[in-house]
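Fold and contact review
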Amino acid sequence: MNKFNKVIFWCEFPKEVDWKKFNKIINFKISVFIAAKSKKEFFYWKSKIKSKYVDVGVWPILSKKDGYWFSGFCSKKSIDKLFYFKDLKIKIDLEPPIIDIKYNIYNILKFYGRLLLTKKSKNNDYLNERIIKLDKNSEIILSGLPLPSFISKIYGDSLKNNGNFYRNYFIYSTLMPKFLSPLTNIYYTWFIKKSIRIYKEKVMFAIGCIGHGIFYSEPIYKNINEFDKDMKFLLKNNVKNIVIFELAGLMNRDNPELWLDKIKSYKS
């Protein structure tokens, strides 16, 4: 049976994590990337992690006013905030600026339909130049949506395998209607195979959602069996590096130990 080489957690809501409990129950090697707007904030949350099993990186975020995620739609001043975290392990989320909506498939499709009619964002080249420069001194994961390149390049997610960085794509089954699962699984299978062909061992895929995201209205796993099904889907498609979205959601589930044990059972 295939196993995962790396297990990584995004932690978007460190305030919602019971860190004492987490330190007590984690018993296998993982990485955790903590969302933070400043280096000071990151080191504060990093100090909460006492376990020898956990490697810690930073997930830079912006204010919602500035877009929250990084893209070519951000100002150059906002893009340059990535350099606050130089020399750290960094996860950079490449997505269009956040919008104030209730999460549902209709609103998301409407948003991306409008995006297709948008011209290339003005700071795309600047964003990519700054990431390439940062990549020389920092270990970077570029995280993005599993979209065709003709869409993702509109907002600046267009770097291929021409750097030291890793790539991550989210395969969040809970965000899609159940009746579309046969179609989305075909698409995800194609996308995973294409990405592995391009990035080889330097690609990872995220599954979710275990808990809410920044919209606070995202659909989540109903039970651990749905979560298990997604892990098996990645293994079936020869994925070696898995990302879990996200740590606070897992820790606030009933019996988080069971969820961690399930992940551990698939870790090499």
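About the cut-offs
Residue numbers here run from 1 along each chain, matching the order of that chain's written sequence. With the structure being a predicted model, the display of local features is reserved for residues of pLDDT at least 70 and the display and counting of side-chain atom pairs for 80 or more, all residues being used for whole-chain, interface and lining totals. Heavy atoms throughout the structure, all of them, feed into the side-chain values; hydrogens and water do not. A cavity here means a set of 1 Å grid points, computed over protein atoms only, where a 1.4 Å probe fits but cannot escape. A pocket is an open set with protein on both sides within 12 Å along at least 5 of 7 lines, and lining residues have an atom within 4 Å of a point. Grid points are joined across faces, edges and corners, and a volume is the space filled by probe spheres set on the points. A helix here means a DSSP run of H or I that spans at least four residues, while a strand means a run of E at least two residues long, and both kinds are numbered starting from the N terminus. Three classes are used, and their members are as follows: Ala, Val, Leu, Ile, Met, Phe, Trp, Tyr, Cys and Pro are nonpolar, Asp, Glu, Lys and Arg are charged, and the others, Gly among them, are polar. Note on classification: 1.4 Å probe, protein chains only; a residue is buried when its accessible area is under 20% of the maximum for its type, exposed when over 50%, partly exposed between these limits. Residues adjacent in sequence count toward polar contacts only when both atoms are side-chain atoms; beyond that, a polar contact is any pair of N or O atoms within 3.5 Å, and within protein one must be able to donate a hydrogen and the other to accept it. Should any heavy atoms of two residues lie within 4.5 Å, those residues are considered in contact. Here the aromatic set is Phe, Tyr and Trp, taking the six-membered ring for Trp, and pairing holds for ring centres within 6.5 Å; pairs whose planes are under 30 degrees apart are stacked, those over 60 apart are edge-to-face, and all others are tilted. Axis definition: a line fit to C-alpha positions, over the contact stretch in the case of helices; interaxial angles, taken between N-to-C directions, run 0 to 180 degrees. Comment on the angle field: the value is read as roughly parallel under 35 degrees, roughly antiparallel over 145, roughly perpendicular from 65 to 115, and oblique elsewhere. Crossings are classed by handedness, with left-handed meaning an anticlockwise turn of the near helix from the far one by less than a right angle and right-handed meaning a clockwise turn. At least two DSSP bridges between two strands are required for those strands to pair. When the strands point away from the viewer and the path from the first strand over the helix to the second turns clockwise, the crossover is right-handed.

Another point: the layout of surface pockets. Of the pockets and cavities examined, the largest pocket occupies roughly 940 Å³. Along its surface, the largest pocket is lined by 39 residues, and Tyr 103, Ile 108, Tyr 112, Leu 145 and Leu 175 are the ones closest to its centre. Mapped by element, the contributors of at least two residues to the lining of the largest pocket are strand E4 (89-94), helix H4 (105-116) and helix H7 (181-199). Looking at which element gives the most residues to the lining of the largest pocket, the answer is H4, with 6 residues. Looking at side-chain class alone, the lining of the largest pocket contains 31 nonpolar, 3 polar and 5 charged residues. Taken as a whole, the second largest pocket spans an internal volume of roughly 320 Å³. Every residue lining the second largest pocket is counted, 15 residues in all, and those nearest its centre are Ser 173, Ser 181, Asn 185, Lys 229 and Asp 230. Secondary-structure elements contributing two or more residues to the lining of the second largest pocket are H7 and helix H8 (224-236). Taken together, the residues of the lining of the second largest pocket break down into 6 nonpolar, 5 polar and 4 charged.

Attention shifts here to the environment of Lys 15. When you line up the elements, Lys 15 lands in the loop between strand E1 (6-11) and helix H1 (19-25). Classification of Lys 15 by relative accessible area gives exposed; the value is 72%. On a C-alpha basis, the gap between Lys 15 and Trp 45 in space is 8.6 Å, while along the polypeptide they are 30 residues apart.

Summarising the element assignment, Asn 123 is placed in the loop between H4 and helix H5 (124-135). Residue class for Asn 123 comes out buried when judged on its relative accessible area of 7%. A polar atom in the side chain of Asn 123 sits 2.9 Å from the backbone oxygen of Cys 74. Those residues in contact with Asn 123 that sit more than four places away from it in its chain are Gly 72, Cys 74, Ser 75, Lys 76 and Ile 79.

Considering the arrangement of structural elements, one finds Ser 143 in strand E5 (residues 139-144). Each residue touching Ser 143, except ones within four places of it in the same chain, is listed here: Trp 10, Lys 91, Ile 92, Asp 93, Leu 94, Arg 167, Asn 168 and Phe 170.

A word on empty space enclosed by the protein. Scanning the entire structure with this criterion turns up 1 cavity of 30 Å³ or more. The volume enclosed by the largest cavity comes to roughly 130 Å³. Along the wall of the largest cavity there are 16 residues; nearest its centre are Leu 147, Ser 152, Lys 160, Tyr 169 and Phe 191. Counting residues per element, the ones that place at least two in the lining of the largest cavity are helix H6 (149-152), strand E6 (166-170) and H7. If one sorts the elements of the lining of the largest cavity by residue count, H7 sits on top with 5 residues. Looking at the lining of the largest cavity residue by residue, the class counts come to 8 nonpolar, 4 polar and 4 charged.

On to the packing of aromatic side chains, then. Applying the stated criterion across every chain yields a total of 21 aromatic pairs. Judged by centre distance (6.3 Å) and plane angle (65 degrees), the rings of Trp 190 and Phe 191 are edge-to-face. Here Trp 190 falls in the partly exposed class, since its relative accessible area comes to 44%. The class of Phe 191 is buried, set by a relative accessible area of 1%.

Moving on to the packing of H8 against helix H10 (residues 256-264). Contact geometry of H8 with H10 gives a least axis separation of 11 Å together with a crossing angle of 20 degrees. Of the possible angle classes, the one that applies to H8 and H10 is roughly parallel. Crossing hand, H8 versus H10: right-handed. Taking contact as the criterion, the partners of Ile 224, Phe 227, Asp 228 and Met 231 in H8 are, on H10, Leu 258, Trp 259, Lys 262 and Ile 263. Its residues assigned to classes, the contact of H8 with H10 shows 6 nonpolar, no polar and 2 charged.

Let us look at the pairing of E1. Along E1, 5 of the 6 residues are buried, which leaves the element largely enclosed by surrounding structure. When E1 meets strand E8 (residues 241-245), the two strands line up parallel, connected through 5 bridges. By the bridge assignment for E8, Phe 9 is matched with Ile 244. Where E1 and strand E2 (residues 30-36) come together, 4 bridges link them in parallel fashion. When the sheet's bridge partners are listed, Ile 8 is paired in E2 with Ser 31. Read from E1 through H1 to E2, the crossover connection turns out right-handed.

By themselves, these figures tell us nothing about what the structure is for.
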